Amino acid sequence: MMHHPSHTITRTITLLILIFNLISCSNNESETIDYKESYKLEGGGNLVNAMVGEPSNLIAMIAGDSASSVIAGNIFNSLIKYDEKLNYAPELAEKWDVSLDQKTITFTLKENLFWADGTPLTSEDVLFTWKLVTDPKTRTPYASDYLLVKEASAPNPKTFVVTYDETYAPAIDTWASLHILPKHILKDEDINNTFFSRNPIGSGYYQLDQWISGQQVTLKANTKSSQGPANIKYLTSRIIPDTSSQFLELTADNIDLMNINPIQHQRVFPARKDLEQKINLYKELGNGYTYLGFNLKKEPFNDINVRRAINYAIDKDEVIKGVLLGLGEPVASPYKPGTRWNNANLSPYPYDPNKALSLLKAAGYQKNQSGLFEKDGKVLGFEILTNQNKQREMTAVLVQRRLKEIGIDVTIRVIEWASFINRFIKTGDFNAVVLGWSLSLDPDQYNIWHSSQQGPGQFNFIGYNNKEVDKLLEDGRKELDPSKRQKIYYKFSEHLLSDSPIVYLYAGYGLSAVNKRVQGIKTPAPPAGIYHNSYDWFIPQSLRRNEMAN
Amino acid sequence: MLIGISLISFFIMHLAPGDVTSNESSFNPKASEESRQKLRELYNLDKPVMVQYGLWLKRIVKLDFGRSFSSHQRPVLWEEKDKNGNITKGLIQESLPITLLINLLGIFIIFSISIVLGTASAIKQNTWVDRSITLFVFVGFAIPGFWLALLLMYWTGVANQWLPISGLHSQGYLSLDLFSQTLDLLKHLVLPVFVSSLSGLAGISLYVRNGMLDVLHQDFITTARSKGLSEKKVIFVHALKNAILPLITIVGLSIPGLIGGSVIAESIFAIPGMGKLFYDSVLMRDFPVIMGILTIGSVLTLFGNLLADLGYAWADPRVRKGIIK
């Protein structure tokens, strides 16, 4: 989840002002290029993108930050991947078979797999990686999924077999996120402290070319790639912490690609014809959502009428317009709209203040002289906590305003992330929170909603407790048949919506701006996003930047 | 003294809620609480603060600054060689040179410009020259650095392609010869150094101005003038020398500041310096890095004070005599 302290909005506004001030004196000499409809595919070139943080290292199981996993994802492979429609597809494994009792998975690796240094990649490497991630000495937060494997073996160089104690449906997904590491290099190394983490040898499309600390990471196409060659020869990721600076670099044509925010997408680009001429904008729904969560163990949120009333009282479209400038969608289940697991029959609670009022009256609340709801002499009011994230702060303000209108007194408190988690979430010392979940592609959400997951540091911190949902979540973990699983999670989503333990606020779009010299990007973005086929992108020779090197 | 400083910083640091495990992937449902507890044990974060401080002190007396939690065990201070001869550079080792370079350039520019401006406004006291200099330095002081930085970046980098916008090196930097490399680096440093110096002008130039005015009203200046010395000689030989004496203290006191960078400037200009390193490690609760920077900072502060006193004694015979007595 993103929790980078961002002053980007303020900066962007400043940037806007300055751009409008300076637009009159901008005399861009760069000639305008007429982009053709289509270009011939040409390999080579250098794609420069910008990222806000430096990767901590390139071994994903130890890293944990998003910059690391993005770059490591270009260098390493997993056994399985997700295709553009978010279905499982072969990566290192050409196929995988699930045994009849659904407890054993047999992976068969593809022919002729090699590490970038020429050593063959075999099932020994997979077994080694599994041993590494489950080794108690390895400093990884991700071990728990792999510890469920009772037995793992590599009977021959092409076969890798895992057996679970019990059927574990999310297992396939876990093998799509574990990067396979080379045994021949790491077997005598201490994984927690190895040179390899900054000089990896992988099997993916790219290999590390050069890492200048704090400044940039350059990848070079891997000629021995297990997945065939990538078109673009160099991928350079420049580390530019400030997004306004990134934006200036993009406008000056020094970078090709960056993530932008709604203000840039909706206000800056439409006002700048010169930018629209050379830069394409893309949007894709992210795999996460923002919500208002209640502490269900506390008054007044233990009352379902109060929760539903609040849900009816909040105008989600207003929040999407106000916070995301319309670049988001309302959600009614914890799954990405348009994917297999999302129950399209459900719709969010509509904005209906009258219904909210009658629900509150049904819950025994009366309005007092100052227009606030009251029960047994206690005013209905609570504090919303959120972390330093501009979008969440703005969301909280809009929620506060709508609730004030119907007579609920809300205050807002913004807290730094680490304090937020340790002082309030872990201790359960909060009323309501505005937070977000970003989720993996497997529908299993046991950790978030099962009633057993309420301990300190566990993820059901709002204290949701519903026996039927518990049962569904348990069943969902044991069912490998996708259509049966779908039924289970449809039912689960229905319960969640009707119980209203959280108010779904929005799922925001991920927004990217890409220079038009980059060709081959699929639009509109498939469910997996524009980046899923980045290896097919190319930069035609005629559009390449004048690079000093390469 | 150092033990006191480090003890206090260590405790204050631990007063802030959370540790490195509550940032790293803390809200990823795939990362379980047991795994995080395991990490806490591996980093000794489950032990009482006093024990952790003892462990830290035991290492630091051997000048071992330890390894960073959050950036994959990179050494905090200096490079280390593993058994295969591969070198992993230290975090401070990589961030410090660039910050030092920017700050030294900045201090040099601040002092040279301030002395000129301060002297000029003292000589022309209460004229339009004096007033416009004062106005200029105060505007420079008050202007928000990040705003000015973005403005200049747009003007010199986007609207006109005079200077690079951010970063330290251009693409393909390593294939250049040494001269072009230096030129490339300097081009990248123009804006950061300019923006960071601008706010420093006000303080120092007013110091010089007031020092100068003080001195100009003293008897020995009147004597010098009555001797028939030229005004130039009076001001530059007799007055200026005395007026800039207090600056020695300021130089001494700014020595610890040399290793500190501005987070905002470094973020905007994408410079991997000390400010960003410290800020990030505080956010990540990366205790070894925080303590490493604080320790070096406090050593430098003590050292700077000593240096200022010595410098004073060297420059001012009155102080020197006092010491000998």
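Residues numbered from 1 in each chain as written. Chains lettered and ligands numbered in written order. Predicted model: local features only at pLDDT ≥ 70, side-chain atom pairs only at ≥ 80, totals over all residues.

Peer 1: Before we go on, may I ask you to explain the overall build of chain B in this structure?
Peer 2: Looking only at helices and strands, chain B has 15 helices and two strands in total. If one aligns the C-alpha atoms of chain B with their principal axes, the spans along those axes are about 85 × 60 × 40 Å. Counting over 325 residues, chain B shows a buried share of 35%. Relative to all contacts within chain B whose residues are 6 or more apart in sequence, the contacts with residues 24 or more apart total 66%. (Helix = DSSP H or I, 4+ residues; strand = E, 2+ residues; numbered from the N terminus. Buried ≥ 20, exposed ≤ 12 C-beta atoms within 10 Å, placed from the backbone. Contact = placed C-beta atoms within 7 Å.)

Peer 1: Sorry if this is basic, but what is going on with helix α14 (residues 390–406) of chain A here?
Peer 2: An α-helical segment advances 3.6 residues per turn. Residues three or four places apart therefore align on the same side. All names here are of chain A. Taking 1.5 Å of rise per residue, the 17 residues of α14 would be expected to cover 24 Å, and the 25 Å separating its terminal C-alpha atoms lies within 8% of that figure. Every buried residue of α14 is accounted for by Q391, R392, T395, A396, V399, R402, L403 and I406. The arc that holds the buried residues of α14, viewed along the axis, is 130°, so those residues lie on one side. (Expected span 1.5 Å × (residues − 1). Arc of directions from axis to C-beta.)

Peer 1: When you look at the packing of helix α12 (residues 316–324) of chain A against α14 of chain A in this model, what are you seeing that I'm missing?
Peer 2: Helix-helix packing: each pair is described by the crossing angle between the helix axes and the interaxial distance. All names here are of chain A. One can describe the packing of α12 onto α14 by two numbers: an axis separation of 10 Å at closest approach and a directional angle of 140°. The pairing of α12 with α14 is recorded here as oblique in orientation. Handedness of the α12/α14 crossing: right-handed. Residues E318, V319, G322 and V323 of α12 pack against Q391, M394, T395 and L398 of α14. Here the residues of the contact of α12 with α14 are counted per class, giving four nonpolar, three polar and one charged. (Axes fitted to C-alpha atoms, helices over the stretch in contact; angles between N-to-C directions. Parallel < 35°, antiparallel > 145°, perpendicular 65-115°, else oblique. Left-handed = near helix turned anticlockwise from the far one by under 90°. Nonpolar A, V, L, I, M, F, W, Y, C, P; charged D, E, K, R; others polar.)

Peer 1: Honestly, the environment of F114 of chain A in this entry has me stumped. Any pointers?
Peer 2: Residue and element names in this part refer to chain A. In this structure, F114 sits in the loop between β5 (104–109) and α4 (123–134). We classify F114 as partly exposed; it has 15 C-beta atoms within 10 Å. A C-alpha to C-alpha distance of 26 Å links F114 and T163, two positions 49 residues apart in sequence. Look past the residues within four positions of F114 in its chain and what remains in contact with it is T119, P120, L121, S203, K224 and S226.

Peer 1: Is there a simple way to explain the sheet that holds β5 of chain A in this structure?
Peer 2: Sheet strands pair via backbone hydrogen bonds, and the direction of the pair is either parallel or antiparallel. Residue and element names in this part refer to chain A. One open sheet accounts for four strands, arranged β4-β5-β7-β6; its pairing is antiparallel. Of all the strands in the sheet, the pair left with one neighbour each is β4 (93–98) and β6 (149–156). Across this sheet, the average inter-strand angle for adjacent strands is 15°, counted without regard to direction. The pairing of β6 with strand β7 (residues 159–164) spans five bridges and is antiparallel. Bridging across to β7, N156 finds its partner in T159. (Pairing = 2+ DSSP bridges.)

Peer 1: How should the confidence of the model for chain B be read in this particular structure?
Peer 2: Low-confidence regions, as indicated by low pLDDT, have predicted coordinates that should not be scrutinised in detail. All names here are of chain B. Per-residue pLDDT for chain B averages 80, and the proportion of residues at 70 or more is 94%. Put simply, helix α15 (residues 317–324) is where chain B has its lowest mean pLDDT, 67, and helix α5 (residues 128–142) is where it has its highest, 88. On the interface metric, ipTM, the complex scores 0.80, and its pTM is 0.82. (pLDDT = per-residue confidence, 0-100.)

Peer 1: What exactly am I supposed to notice about the packing of helix α8 (residues 201–216) of chain B against helix α10 (residues 231–243) of chain B here?
Peer 2: Residue and element names in this part refer to chain B. Where α8 contacts α10, the axes come no closer than 8 Å and their chain directions differ by 125°. Taken together, the axes of α8 and α10 lie oblique to each other. Pair α8 / α10 crosses with right-handed handedness. Residue-level contacts link V208, G211, M212, V215 and L216 of α8 to A239, N242 and A243 of α10. Looking at the contact of α8 with α10, its residues break down into six nonpolar, two polar and no charged.

Peer 1: What is the right way to read the environment of K491 of chain A from this model?
Peer 2: Secondary-structure assignment places K491 of chain A in helix α18 (residues 482–499). It is 42 Å that separates the C-alpha atoms of K491 of chain A and P157 of chain A, two residues lying 334 residues apart in sequence.

Peer 1: Help me understand unusual backbone geometry, please; the structure alone is not making it clear to me.
Peer 2: Negative phi characterises most residues that are not glycine, and trans characterises most peptide bonds. Along the chain, E299 of chain A connects to P300 of chain A via a cis peptide bond; the corresponding omega equals -10°. You can see P300 of chain A is positioned in the loop between β13 (288–294) and α11 (304–313). The omega angle of the peptide bond from T523 of chain A to P524 of chain A is 0°, so this bond is cis rather than trans. The backbone phi angle of S500 of chain A is positive, close to 50°, even though this residue is not glycine. Despite not being glycine, N126 of chain B shows a phi value in the positive range, around 65°. In this fold, N126 of chain B is placed in the loop between α4 (91–123) and α5. Judged by local crowding, N126 of chain B falls into the exposed class, with 8 C-beta atoms found within 10 Å.

Peer 1: Could you clarify how one ought to interpret the nonpolar core in this entry?
Peer 2: Grouped burial of nonpolar side chains is what soluble globular proteins tend to show. Membership of the largest hydrophobic core comes to 181 residues, with the highest contact counts inside it found for I59 of chain A together with A149 of chain B. Per-element accounting of this core gives the leading share, nine residues, to strand β21 (residues 502–515) of chain A. Not counting the four nearest positions on each side in its chain, I59 of chain A is found in contact with A72, L181, I191 and S197 of chain A. The next biggest cluster of nonpolar side chains, apart from the first, holds 20 residues, and it includes W56, L77, V289 and M291 of chain B. (Core = buried A, V, L, I, M, F, W, Y, C linked by C-beta atoms within 7 Å.)

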